[in-house]
Amino acid sequence: MTKGFSIRKKLIVAFILIGVFPMLIATYVGVKIASVRLEKGIEERINYAGKSAVYLLAQKKTELAGVAKSFADDPRLRQAIQGGVNIKFLWFDTPLKVLLYNAQGKIIFSSADIRVPRPPHPEKGMTLIGNETSESDWPLLVYLLPVSDKEEPIGTIMTGYTLNQEFLNNLKSMTGIESMLLKKDASGIYQSLGSKDRLDLDKTVLQQVVIEKRQVFTRKATLHSGEGRNDYYSLLTPLPDADGKVSFLLFNGIPTSETLGGKLASARFYYILILLGLTLSVIAGSAMATGISWPILRFSQWVRAISAGDYNQKIHINSKDEIGALADSFNQMTDRLRETIAQLVDSQNYTENILKSLLNGVITIDSEDRIVRVNRAAEQILNLPSEAIVGRTFPEVFHQDPELQTLIRNCLDHHRMKEGIETKLHRRDGKTIPIELSLSLLEESGDRSGKGSGLVLLVRDLTEIQALKEHIRRQDRLAALGELSAGIAHEIRNPLGIIKGAAGLLQKETSSQSAKTDELTSVILEEVDRLNEVINDFLEFARPKPPLFKPQKVNELIRGTLQMVALQIDEQKTRVEENLAPDLPPILADEHQMHQMFLNLFLNALQATGRGDTISIESRYLPEEGQIEIRFSDTGIGIPEHYRKKVFNPFFTTKEGGTGLGLSVVSQIVENHHGKIFLTCEEGKGSCFTLRFPVQNIPAGKDRQAVS
């Protein structure tokens with residue numbers, strides 16, 4: 001499965017981009033142009049509403065001035081002000097509010113339930129005041145007219161009209177535009193009278209209206225209410241009061257949601273348009289993309305199968321275009337690739353078989369000091385799996401062998417070859433083995449510099465070869481020693497016989513003499529007997545009897561030998577543990593020599609242990625190797641490392657009074673029975689002798705005799 005977009009999906013996306021986005025851009029531009037034109041019409045409507053509001057205010061001002069003048073011309077008004085006529089009986093036939101003030105500015109009559117102080121500067125005529133005595137916040141549009149009698153001011157008449165919701169409704173019915181009055185509160189914010197909506201304006205626009213007292217059109221007026229906010233296109237008209245401050249604003253506006261852009265946005269026009277365009281583009285794009293991508297998709301499936309190793313694939317595309325030609329070329333390339341890979345596989349298998357068959361280890365090191373390849377023999381020599389070797393640097397693998405690291409480094413740095421170098425390898429299991437190294441440069445094809453790109457190590461384990469050399473040397477020494485021992489024993493036994501006879505006669509003739517003489521002759525006889533036993537051991541070691549091979553059961557031989565040393569085991573208080581596997585197959589062996597071999601191993605273990613130590617005897621069958629394994633281990637003092645290579649040498653002993661022939665005889669008996677013996681020990685913790693003897697098929701009723 002391919003990751004990411006397939007070519008079909010990419011084509012669909014491309015068609016969508018080609019089809020939808022230009023349409024969206026064109027629609028967007030068209031809507032914007034229409035919106036701009038409509039916004040101009042909206043601005044004209046709002047400006048007309050502002051002019052209409054100014055016109056209505058002018059009409060009201062004219063009406064207020066006419067009523068004030070008609071009352072001022074009435075003589076009864078002067079009499080009422082001067083106290084001659086009861087003002088309460090004066091009827092004012094007008095819907096406007098009328099207030100009379102005396103010369104001192106004290107109100108003497110109000111046609112409505114309002115008590116408004118006389119504004120200063122009555123000569124200014126028309127002004128706007130707040131109705132502070134009423135519960136309503138609607139302002140009064142008033143006209144002030146001084147009243148005189150014989151050119152002496154005797155009072156003031158004020159006519160007023162409340163700019164309330166009725167006025168705003170009349171204005172809206174004339175223009176169709178929403179109108180409202182805004183009053184400045186103590187914090188300097190303008191709020192709508194009636195609805196308490198809060199006006200939010202740009203500072204520049206607010207300065208033009210309030211400071212410069214100009215009528216201003218803006219597209220950024222916002223009214224905040226408890227339910228949210230509404231944006232308006234609006235015209236703001238300042239309404240100054242008697243002190244010249246703009247405490248009131250007349251607001252004429254249309255919400256932006258009522259414009260074309262707002263209508264389209266609220267109706268999710270763009271989303272519907274995008275969804276429709278995507279649907280049409282996906283349908284058309286899928287059809288077109290399928291026709292274009294289908295051969296490519298089939299091509300990619302075949303390519304994936306070939307890349308997975310199926311080189312028998314053939315690409316069949318019935319197309320006369322470039323894709324068809326590419327398929328034919330790819331088929332030809334696949335045929336050649338299949339043949340080449342087959343040759344490479346055969347060559348690689350042949351090389352792998354050669355490397356696996358080599359008895360010597362092969363290790364390849366690249367120019368960056370990393371081990372890139374090892375064969376099975378190298379894994380066995382290093383006692384490490386390939387996973388712990390490949391990919392690591394040679395200093396990491398051979399960190400316990402600085403001499404070996406130096407040798408490899410010199411060959412890499414100086415590009416020199418070396419052969420037949422003998423050294424030691426310290427393995428991870430703590431064992432040190434002798435090895436022979438040959439180092440050669442790894443050359444790449446086409447590289448004529450002679451420097452190479454790495455190094456090839458040929459490693460040979462010399463453990464068996466050195467053991468064989470040591471065995472041959474020991475055998476040579478034993479053969480020479482046997483001949484010499486036989487001659488010496490023969491030459492010594494005759495004088496010993498004479499000495500023993502003379503000492504016996506001397507003992508008989510001197511029986512009447514002193515006890516001292518008798519003691520000395522007894523010592524001579526004892527030492528002659530002991531020396532004679534040593535000579536007998538020499539002769540048995542030098543010229544052993546040929547073994548008489550018969551089928552023997554190993555466990556019975558071991559138990560028989562244990563009975564021979566049972567008394568010594570009890571006296572020494574040493575514990576013996578047996579772990580003898582039942583049903584062991586028989587081996588061909590000499591019973592007497594096997595008892596002698598086991599007895600020497602038991603005595604050696606007893607001499608190396610003390611009270612409370614343990615001697616363990618184990619036996620088991622190794623069917624894969626066709627051998628029986630016997631292990632003698634103890635928890636005694638162990639053998640020092642510098643003595644371990646000498647323990648099987650004749651006459652080598654560390655025990656006082658020992659002959660040094662016990663383990664030599666054991667080694668010789670094991671060799672005569674075609675077996676092997678191994679020693680492992682740890683100083684201070686005990687020793688372990690491991691013996692292995694081959695199991696052979698023995699014809700029934702027949703014995704086998706051989707001379708080693």
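Residues numbered from 1 in each chain as written. Predicted model: local features only at pLDDT ≥ 70, side-chain atom pairs only at ≥ 80, totals over all residues. Heavy atoms only, no water.

## A closer look at the overall build of the protein
From N to C terminus, the protein includes 16 helices and 24 strands. When contacts within the protein are restricted to residue pairs at least 6 apart in sequence, those whose partners lie at least 24 apart make up 58%. Carbon and sulfur atoms form 53% of the exposed surface of the protein, whose accessible area is close to 42,000 Å². (Helix = DSSP H or I, 4+ residues; strand = E, 2+ residues; numbered from the N terminus. Contact = heavy atoms within 4.5 Å. Areas by Shrake-Rupley, 256 points an atom, 1.4 Å probe, with all protein chains shown as cover.)

## Topic: the side chain of Thr 609
Position of Thr 609 relative to the elements: it lies in the loop between α15 (591-608) and β20 (614-622). Polar contacts involving the side chain of Thr 609 include one to the main-chain carbonyl oxygen of Ala 605, which spans 2.9 Å. Thr 609 has contacts with Gln 572, Thr 574, Ile 615, Asp 634, Thr 635 and Gly 636, leaving out every residue within four places of it along the chain. (Polar contact = N/O pair within 3.5 Å; in protein donor to acceptor, adjacent residues only side chain to side chain.)

## Quick notes on the sheet that holds strand β15 (residues 432-442)
The strand order across the open sheet built from five strands is β13-β12-β16-β15-β14, with neighbouring strands paired in antiparallel fashion. Each having just a single partner strand, β13 (371-374) and β14 (418-426) make up the two edges of the open sheet. For this sheet the average axis-to-axis angle between neighbouring strands, irrespective of direction, equals 25°. Sheet topology places β15 next to strand β16 (residues 454-461); eight bridges connect them, and they run antiparallel. Bridge assignment links Ile 435 to a residue of β16, and that residue is Asp 461. (Pairing = 2+ DSSP bridges. Axes fitted to C-alpha atoms, helices over the stretch in contact; angles between N-to-C directions.)

## With respect to the packing of aromatic side chains
The description of an aromatic ring pair rests on the distance of the ring centres and on the angle between the ring planes. Under the counting rule described, the total for this entry stands at four aromatic pairs. Ring geometry for Tyr 161 versus Phe 167: centroids 6.5 Å apart, planes at 75°, classification edge-to-face. For Tyr 161, a relative accessible area of 13% gives the class buried. In this structure Phe 167 comes out as buried when scored by relative accessible area, which is 3%. An aromatic cluster of at least three residues, connected via ring pairs, comprises Phe 598, Phe 602 and Phe 632. Note that Lys 60 overlies the ring of Tyr 161, its terminal NZ or CZ placed 4.1 Å from the centroid. A cation over an aromatic ring shows up here: Arg 219 above the ring of Tyr 233, its NZ or CZ 5.9 Å from the ring centre. (Phe/Tyr/Trp six-rings, centres within 6.5 Å; stacked < 30°, edge-to-face > 60°. Buried < 20%, exposed > 50% of the residue type's maximum accessible area, 1.4 Å probe, protein only. Lys NZ or Arg CZ within 6 Å of the ring centre and 35° of its normal.)

## With respect to the nonpolar core
Counting residues in each nonpolar core, the largest one holds 35 residues, and the members touching the most others are Met 597, Ile 630 and Leu 691. Of all the elements in the fold, those that place two or more residues in this core are α13 (554-564), β19 (587-589), α15, β20, β21 (627-634), α16 (662-672), β22 (676-682) and β23 (686-694). Residue contacts for Ile 630: discarding those within four places in its chain leaves Val 554, Ile 558, Phe 598, Glu 618, Ser 619, Phe 689, Thr 690, Leu 691 and Phe 693. If you look at the next biggest cluster of nonpolar residues, it comprises 33 residues, including Phe 71, Leu 100, Leu 168 and Leu 250. (Core = buried A, V, L, I, M, F, W, Y, C linked by side-chain atoms within 4.5 Å.)

## Topic: unusual backbone geometry
Positioned with a positive phi, Asn 383 is a non-glycine residue whose angle comes to about 60°. With respect to the secondary-structure elements, Asn 383 resides in the loop between α8 (376-382) and α9 (394-397). One non-glycine residue, Asp 583, lies in the positive phi region at around 60°. By the secondary structure assignment, Asp 583 is in the loop between β18 (575-580) and β19.

## Topic: the packing of α13 against α15
At a minimum axis separation of 9 Å, α13 and α15 run at an interaxial angle of 55°. Comparing their axes, α15 and α13 come out oblique. The element α13 and its partner α15 pack so that their crossing is right-handed. Counting all contacts with α13, which are made through Leu 557, Ile 558, Gly 560, Thr 561, Leu 562 and Met 564, the residues of α15 involved are Glu 591, Met 594, His 595, Phe 598, Leu 599 and Phe 602. Its residues assigned to classes, the contact of α13 with α15 shows eight nonpolar, three polar and one charged. (Parallel < 35°, antiparallel > 145°, perpendicular 65-115°, else oblique. Left-handed = near helix turned anticlockwise from the far one by under 90°. Nonpolar A, V, L, I, M, F, W, Y, C, P; charged D, E, K, R; others polar.)

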